[in-house]
Amino acid sequence: MDTKNKGFNSKLVHGGGYKDQLLSAVTPIYQTSTFAFHNADHGAQCFAGESDGYIYTRLGNPTIIDLEKTVAELENGFGGIATSSGMAAVNTVYLGILESGSHMIGHEALYGPSRAIMESLYPKFNVESTFVDATKLENVKNAIRPNTRLIFLETPANPTIGITDIKAVSEIAKEVGAVVCVDNTFCSPYLQNPLDLGADIVLHSMTKFINGHADIVAGMVVAKTEEMYRQLRSVMMNVGCNMDPHQAFLTRRGLKTLAIRIDRAQANSMKVAEFLENHPKVEWVKYPGLKSHPQYELAQKQMRGPGAMISFGLKGGLDAGKKMMDNVQLALLAVSLGGIETLIQHPASMTHSKLSREAKEKAGISDGLVRLSVGIEEAEDIIADLDQALMHV
Ligand SMILES: *Cc1c(COP(=O)(O)O)cnc(C)c1O
């Protein structure tokens, strides 16, 4: 079915447009590495791009293409490029856009490895980078150099929930001919469409909200234009960070319920955030749905909902954070996010424990900061669990 003029949930259910002769309700798993040609001419047409036929799974596979088409449509882009993980999507963009001698600007609180790999591996290829607090536009403007090719944003950012104005940064980038890429993992296309706000590329760790069931690792890049799509697709195909057909099948299945999952997790999040804000052992709460969020107005404008990620600070610092982690029962003490189960983690003792005190402070990670990915359980049960864990703090 053509879903172009249909609503978001109809696109989730029917997007991709896969049809075969057996009219299967669900896109089958084409668990094959290679595809036969009818004859020499057909093989030649496939290689020349003059036929819809398939060649080899690293280059394209019906199960994967169904998912790529669906996500590209949800993000209003020209085409999607599925990758083996979210980090494979990040590296596909870095390799596709940057070259020796070029410079990139990144938001300082990017997902850890997105920044770490730029600072540890890419200098080897003579790529320079500057990381700034992109929530303040003047920082982005001041970081621009004549060789700036890429501005890489993540909004809301991890784990400080800071929000960057995608439209304003895209305007700055356009003036200097730089490409803007937004890591849209925290929002998913249900809550935010960076390409509509002026970005050139959007990417996802589909491990998180898009698949939503904590049972696979996967990534996706969506390019706005055909030219950008071809450029990035060729990187994925030749680097070999392609998705596997079974992974694509599971992700496509998880994606169908994206909106109803987020609606529910978001409703829970609002209740949890309000509970935390009124708790005597909690110093502060950062959630884009609370009026106390410093960029509440921008969130209202740029996002269709506040999402399901909450950060909060415990008055008791490091010790309080660890005690709380040791006492949660319903919430899973685990990294990752965006699944149906509530996950909790304590960056100062876990994901960010290796950072120096100075680096932690710069990234806004205080000792008492706790990050919560709110799931779809009963809100009352999530709150009761946090409440009892906080009693031990
Ligand atoms: C998890 C995550 C990634 C990396 O994705 P993987 O699927 O784990 O490789 C990138 N960006 C953000 C915002 C993430 O949360």
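Residues numbered from 1 in each chain as written. Predicted model: local features only at pLDDT ≥ 70, side-chain atom pairs only at ≥ 80, totals over all residues. Heavy atoms only, no water.

### A word on the layout of surface pockets
If a probe as big as a water molecule is rolled over the atoms, it shows which places are left empty. Space inside the largest pocket adds up to approximately 1,000 Å³. Considering the residues around the largest pocket, the lining is formed by 31 residues, among which Asp52, Tyr54, Ile65, Tyr229 and Arg233 are closest to the centre. The set of elements that each furnish at least two residues to the lining of the largest pocket consists of helix H2 (40-48), helix H3 (62-74), strand S1 (79-83) and helix H9 (226-239). Considering every element that reaches the lining of the largest pocket, the biggest residue donor is H3, with 6 residues. Of the residues that constitute the lining of the largest pocket, the class distribution is 16 nonpolar, 9 polar and 6 charged. The volume enclosed by the second largest pocket comes to roughly 630 Å³. What lines the second largest pocket is a set of 25 residues, and nearest its centre among them are Leu110, Tyr111, Gly112, His352 and Leu355. (1 Å grid on protein atoms, 1.4 Å probe; cavity = no way out; pocket = protein on both sides within 12 Å on 5 of 7 lines; lining within 4 Å. Points joined across faces, edges and corners; volume = space filled by probe spheres on them. Helix = DSSP H or I, 4+ residues; strand = E, 2+ residues; numbered from the N terminus. Nonpolar A, V, L, I, M, F, W, Y, C, P; charged D, E, K, R; others polar.)

### Here we look at the domain arrangement of the protein chain
Taken domain by domain, the protein chain holds domain 1 (77-244) and domain 2 (258-390). Relative placement of domain 1 and domain 2: their C-alpha centres are 24 Å apart. Counting residues at the interface gives 31 residues for domain 1 and 35 residues for domain 2. Taking both partners together, domain 1 and domain 2 bury about 2,800 Å²; carbon and sulfur atoms supply 59% of that area. Linking domain 1 with domain 2 are 0 salt bridges, by the criterion used here. For the interface between domain 1 and domain 2, the tally reads 15 residue pairs in polar contact (both at pLDDT 80 or more). Elements supplying a minimum of two residues to the side of domain 1 that touches domain 2: helix H7 (166-176) and helix H8 (188-191). No other element matches H8, which puts 4 residues into the side of domain 1 that touches domain 2. (Domains from an automatic or database assignment. Contact = heavy atoms within 4.5 Å. Buried area = accessible area lost by both parts, 1.4 Å probe. Salt bridge = Lys/Arg side-chain N within 4 Å of Asp/Glu carboxyl O. Polar contact = N/O pair within 3.5 Å; in protein donor to acceptor, adjacent residues only side chain to side chain.)

### Brief notes about the pattern of salt bridges
Applying the stated criterion to the full structure yields 9 salt bridges. The closest approach of N and O atoms between Arg264 and Glu378, which form a salt bridge, is 3.4 Å. Placement of the pair is Arg264 in helix H11 (residues 258-277) and Glu378 in the loop between strand S12 (369-373) and helix H15 (379-391), with a sequence separation of 114 residues. You can call Arg264 partly exposed: its relative accessible area is 33%. For Glu378, a relative accessible area of 43% translates into the label partly exposed. The salt bridge involving Asp367 is made with Arg357; its shortest N-O contact spans 3.2 Å. One end of the pair, Asp367, is in the loop between helix H14 (357-362) and S12; the other, Arg357, is in helix H14, with 10 residues separating them in the sequence. Given a relative accessible area of 53%, Arg357 falls into the exposed group. (Buried < 20%, exposed > 50% of the residue type's maximum accessible area, 1.4 Å probe, protein only.)

### Details of the environment of Asp20
With respect to the secondary-structure elements, Asp20 resides in the loop between helix H1 (8-14) and H2. Excluding residues within four positions of it along the chain, Asp20 makes contact with Pro28 and Tyr30. At a separation of 3.3 Å, a polar atom in the side chain of Asp20 contacts the side chain of Tyr18. Looking at Asp20, its side chain comes within polar contact range of the main-chain nitrogen of Leu23, at 2.9 Å.

### A closer look at the packing of aromatic side chains
Applying the stated criterion to the full structure yields 8 aromatic pairs. Geometrically, the ring pair formed by Phe35 and Tyr54 is tilted, given 5.3 Å between the ring centres and 35° between the ring planes. Note that Phe35 is positioned in the loop between H1 and H2 and Tyr54 in the loop between H2 and H3, a separation of 19 residues in sequence. With a centroid separation of 6.1 Å and an interplanar angle of 65°, the aromatic rings of Phe37 and Phe47 are classed as edge-to-face. In this pair, Phe37 is assigned in the loop between H1 and H2 and Phe47 in helix H2, connecting sequence segments 10 residues apart. Three or more aromatic residues joined by ring pairs make a cluster, and in this case those are Tyr94, Tyr122, Phe125 and Phe152. (Phe/Tyr/Trp six-rings, centres within 6.5 Å; stacked < 30°, edge-to-face > 60°.)

### A closer look at the sheet that holds strand S4 (residues 148-154)
With mixed pairing, the 7 strands of this open sheet are ordered in space as S1-S7-S6-S5-S4-S2-S3. For this open sheet the edge positions go to S1 and strand S3 (128-132), each flanked by a neighbour on one side alone. Taken over all neighbouring pairs, the strand axes of this sheet differ in orientation by 20° on average, direction set aside. Pairing analysis gives 3 bridges linking strand S5 (residues 179-183) to strand S6 (residues 201-205), with the strands arranged parallel. Across the sheet, the residue bridging to Cys181 is Ile201, located in S6. Along the sheet, helix H4 (residues 86-97) makes contact with S1, strand S2 (103-107), S4, S5, S6 and strand S7 (219-223), crossing S6 at roughly 155°. (Pairing = 2+ DSSP bridges. Axes fitted to C-alpha atoms, helices over the stretch in contact; angles between N-to-C directions.)

### Some remarks on the site of the ligand
Taken together, 13 residues form the shell around the ligand, and within it Met87, Asp183, Ser205, Thr207 and Lys208 come nearest. Residue Ser205 places a side-chain N or O atom 2.9 Å away from an oxygen atom belonging to the ligand. A distance of 2.7 Å separates an oxygen atom of the ligand from a polar atom in the side chain of Lys208. Split by residue class, the shell around the ligand holds 5 nonpolar, 5 polar and 3 charged. (Near = heavy atom within 4 Å.)

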